[in-house]
Amino acid sequence: MALNPEQINRYSRHLLLPEVGVEGQEQICNARVLVIGTGGLGSPIGLYLAAAGVGTLGFIDFDVVDLSNLQRQVMHGESTVGHLKVDSAKNRIADINSSIEVVTYNERLTAANAMDIFKDYDIIIDGTDNFPTRYLTNDACVLLGKPLVYGSILRFEGQVSVFDAARGPCYRCLYPEPPPPGLVPNCAEGGVLGVLCATVGSLQATEALKLILGKGDTLIGRFMLFDALGMKFREMKLRKDENCPICGDNPTISELVDYEQFCGIVPHEESPEDSALEIDAQLVKDKLEGGNGFRLIDVREPSEYQICKIEGATLIPLGLIQEKNPAHLEGITKNDEIVVHCKAGVRSLKAAKALKEMGFTNVKSMRGGIEEWSDRIDPSVPKY
Amino acid sequence: MTRLLYFASLRALAGKSEESLELGGETTVRALGERIGKTSPKLGEMILGKKVMVSVNQDVATLDTPVRDGDEVAFLPPFSGGAI
Ligand SMILES: [Zn+2]
């Protein structure tokens, strides 16, 4: 497909680069790239690849735009809060470059649909926020022989690499197994500097364009680390792991598996033991007003406590409770009536279990956390 | 002296972002992991369980990679973030 006069004008700054030129721009215009997630990383990746003229851009996301996304997800805006992210992306991109084709998948990426979706693309770009999807994406790319542009962010740090099992290592060569659930915070728990998404996402978009052009030294076999606070880039040399279960000499994985199970994530089903540990927010309010010997413990992080709190709650972050050192528990005693709460009720359930194991007998976890408190008890407590 | 660097969430587990250790001769990443585990059990467990990526002098390492005085050993956990 030759460039038309409008395209020559639009892409002139690319055409002037000897490494791109007319031929390279035609390759870009014929390329098919799938972006997994249209969030923090997917936003700059999608915007720049659209501007660069990537012929077909696929976006897979099942989420809806939320106000709290706008701090970093520059694909979306106030006018699309509440809309499907893939629709918001499609509309935004139509304004940037109406000549490219945008394919949207408003669904969760699963072992059942991944191969079928990936097979139509030349390059897959990882902008996911969870380990099951990350391993699923890696495995599907290895099985299909597609290059994967990997990126990940947390707080002030980012990671970027390119995995192409035909030419170098894959994600499993680095991390054969996922971390135990809960050990690595995600962005919702750990926070993220919004602009970090642009740094990491634009590096990923750069690598995707280099793969399309076949130019430069890509990050295949290299791992970039970026620390925004220290303003430092570091690089590590990677090697293919001959024992890698999917791209090694004797692979044991020949098809996609159940990644939720692989990552130790049990589908959220209320077990009777969990329900027995929980207490309704209204009952907690009554107890707070009743006083005497009752302690409400907030197990969130200090930064979350500063955003909002329930009056009368004492802060003891979950990590501190899990260390099981009675000296760090703000003087609560085994005879106190204790209710723990967090943001949504997941961490507090862990805290309640840890306290029980330490011998605290009268412990409950407030169901739904401070979010439910905000909904039903005190709307002046903001949600974040 | 061997310089150890901890990244991201490992800083909290180690209680520091870097430290220098006197090895007293050549050792391995595995032995280093065992030694770290004595002061930071969770971190030691993650290193020995291959849940973190280890590099020696900016080159990815296995548990059997030798570590000598003057080397720089970095520990990097997986990140989950991206879309959120
Ligand atoms: Zn591999």
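So, how was this worked out
Residues numbered from 1 in each chain as written. Chains lettered and ligands numbered in written order. Predicted model: local features only at pLDDT ≥ 70, side-chain atom pairs only at ≥ 80, totals over all residues. Helix = DSSP H or I, 4+ residues; strand = E, 2+ residues; numbered from the N terminus. Buried ≥ 20, exposed ≤ 12 C-beta atoms within 10 Å, placed from the backbone. Contact = placed C-beta atoms within 7 Å. Rg over C-alpha atoms; globule rule 2.2 N^0.38 Å. Axes fitted to C-alpha atoms, helices over the stretch in contact; angles between N-to-C directions. Parallel < 35°, antiparallel > 145°, perpendicular 65-115°, else oblique. Left-handed = near helix turned anticlockwise from the far one by under 90°. Nonpolar A, V, L, I, M, F, W, Y, C, P; charged D, E, K, R; others polar. Domains from an automatic or database assignment. Core = buried A, V, L, I, M, F, W, Y, C linked by C-beta atoms within 7 Å. Expected span 1.5 Å × (residues − 1). Arc of directions from axis to C-beta. Pairing = 2+ DSSP bridges. pLDDT = per-residue confidence, 0-100.

(A) Quick peek at the overall build of chain A. Across its full length, chain A carries 17 helices and 13 strands. Counting only C-alpha atoms, chain A reaches 80 × 50 × 40 Å along its principal axes. Taken across its 384 residues, chain A has 42% of its residues classed as buried. Partitioning the intrachain contacts of chain A with sequence separation of at least 6 by distance along the chain shows that 67% fall at a separation of at least 24.

(B) Spotlight on the overall build of chain B. Each helix and strand in chain B was counted, giving 3 helices and 7 strands. Going from N to C terminus, chain B has its helices and strands arranged as β-α-β-β-α-α-β-β-β-β. For a compact globule of 84 residues, the expected C-alpha radius of gyration is about 12 Å, and chain B comes in at 12 Å, within 12% of that figure. In terms of overall dimensions, chain B has a C-alpha envelope of 45 × 25 × 20 Å along the principal axes. For chain B, the proportion of its 84 residues judged to be buried stands at 40%.

(C) Region of interest: the packing of helix α4 (residues 42–52) of chain A against helix α10 (residues 196–213) of chain A. All names here are of chain A. At a minimum axis distance of 8 Å, the contact between α4 and α10 shows a crossing angle of 40°. With respect to their mutual orientation, α4 and α10 come out oblique. Crossing of α4 against α10: the hand is right-handed. For the pair formed by α4 and α10, the contact residues are S43, P44, I45, Y48, L49 and A52 on the first element and C197, A198, G201, S202, Q204, A205, A208 and L209 on the second. Looking at the contact of α4 with α10 residue by residue, the class counts come to 10 nonpolar, 4 polar and no charged.

(D) Region of the structure containing the domain arrangement of chain A. Along its sequence, chain A is carved into domain 1 (31–262) and domain 2 (272–377). Placing a centre on the C-alpha atoms of domain 1 of chain A and another on those of domain 2 of chain A gives a separation of 36 Å.

(E) Spotlight on unusual backbone geometry. Residues and elements named next belong to chain B. With a phi angle near 50°, A8 is a residue other than glycine that sits in the positive phi range. With respect to the secondary-structure elements, A8 resides in the loop between β1 (2–6) and α1 (9–14). A positive phi angle is found at Q58, which is not glycine, with a value near 65°.

(F) View of the nonpolar core. Residue and element names in this part refer to chain A. Judged by nonpolar contacts, the single largest core of 94 residues is most densely connected at V33, I125 and A208. The element contributing the most residues to this core is α10, with 9 residues. Setting aside anything within four residues of it in sequence, one finds V33 in contact with L49, V54, L57, Y121, D122, I123, I125 and A208. Formed by 24 residues, the second largest nonpolar core is a distinct cluster that contains I297, L318, I338 and C342.

(G) Here's a closer look at helix α5 (residues 85–96) of chain A. All names here are of chain A. With 12 residues, α5 extends 17 Å from end C-alpha to end C-alpha; this agrees with the ideal 16 Å at 1.5 Å per step. Every buried residue of α5 is listed here: K85, V86, S88, A89, R92 and I93. Viewed end-on, α5 has its buried residues packed into an arc of 155°, placing them on one side of the element. Lining the buried residues of α5 we find α4, β2 (56–60) and β3 (101–105).

(H) Highlighting the environment of A50 of chain A. Residue and element names in this part refer to chain A. Its place among the elements puts A50 in helix α4. Looking at A50, the number of C-beta atoms within 10 Å reads 24, which means it is buried. Residues A50 and C29, 21 residues apart in the sequence, show an inter-C-alpha distance of 9.8 Å. Every residue in contact with A50, bar those within four places of it in the chain, is listed here: L57, I93, I96, N97 and I100.

(I) Structural context of the sheet that holds strand β12 (residues 337–341) of chain A. Residues and elements named next belong to chain A. Read from one edge of the open sheet, 5 strands run β9-β13-β12-β10-β11, paired in parallel fashion. Each end of this open sheet is capped by a strand with a single partner; those strands are β9 (278–279) and β11 (313–315). Relative to strand β13 (residues 363–366), β9 runs parallel, the two being bridged by 2 bridges. Paired with E278 across the two strands is S365, which belongs to β13. Of the strands in this sheet, β9, β10 (294–298), β12 and β13 are in contact with helix α13 (residues 281–290), which crosses β10 at around 125°.

(J) Molecular detail of the interface of chain A and chain B. Contacts between the two partners involve 34 residues from chain A, matched on the other side by 19 residues from chain B. Of all elements in the fold, only β5 (148–154), β6 (157–163), α9 (187–190) and β8 (232–237) of chain A reach the threshold of two or more residues within the side of chain A that touches chain B. When residues in the side of chain A that touches chain B are grouped by element, the largest group, 4 residues, is from β5 of chain A. Of the residues in the side of chain A that touches chain B, the class split is 16 nonpolar, 11 polar and 7 charged.

(K) Here's a closer look at the packing of helix α2 (residues 29–39) of chain B against helix α3 (residues 41–48) of chain B. Residues and elements named next belong to chain B. Two elements in contact, α2 and α3, have axes whose closest approach is 7 Å; the angle formed by their N-to-C orientations is 160°. When the axis of α2 is compared with that of α3, the two are roughly antiparallel. At the point where α2 passes α3, the crossing takes the left-handed sense. The residues of α3 that touch α2, namely those facing R30, G33, E34, I36 and G37, are P41, L43, G44, E45, I47 and L48. The class makeup of the residues in the contact of α2 with α3 is 5 nonpolar, 3 polar and 3 charged.

(L) Examining the confidence of the model for chain B more closely. Put simply, chain B has an average pLDDT of 89, and 94% of its residues get 70 or more. Across the predicted assembly, pTM comes out at 0.85 and ipTM at 0.85.

(M) Main features of the pairing of strand β7 (residues 72–76) of chain B. Residues and elements named next belong to chain B. Counting buried positions along β7 yields 4 of 5 residues, so the element is predominantly enclosed. Where β1 and β7 come together, 4 bridges link them in parallel fashion. If you follow Y6 over to β7, its bridge partner there is F75. With 4 bridges joining them, strand β4 (residues 53–56) and β7 adopt antiparallel strand pairing. Among the inter-strand pairings, S55 is bridged to a residue of β7, identified as A74.

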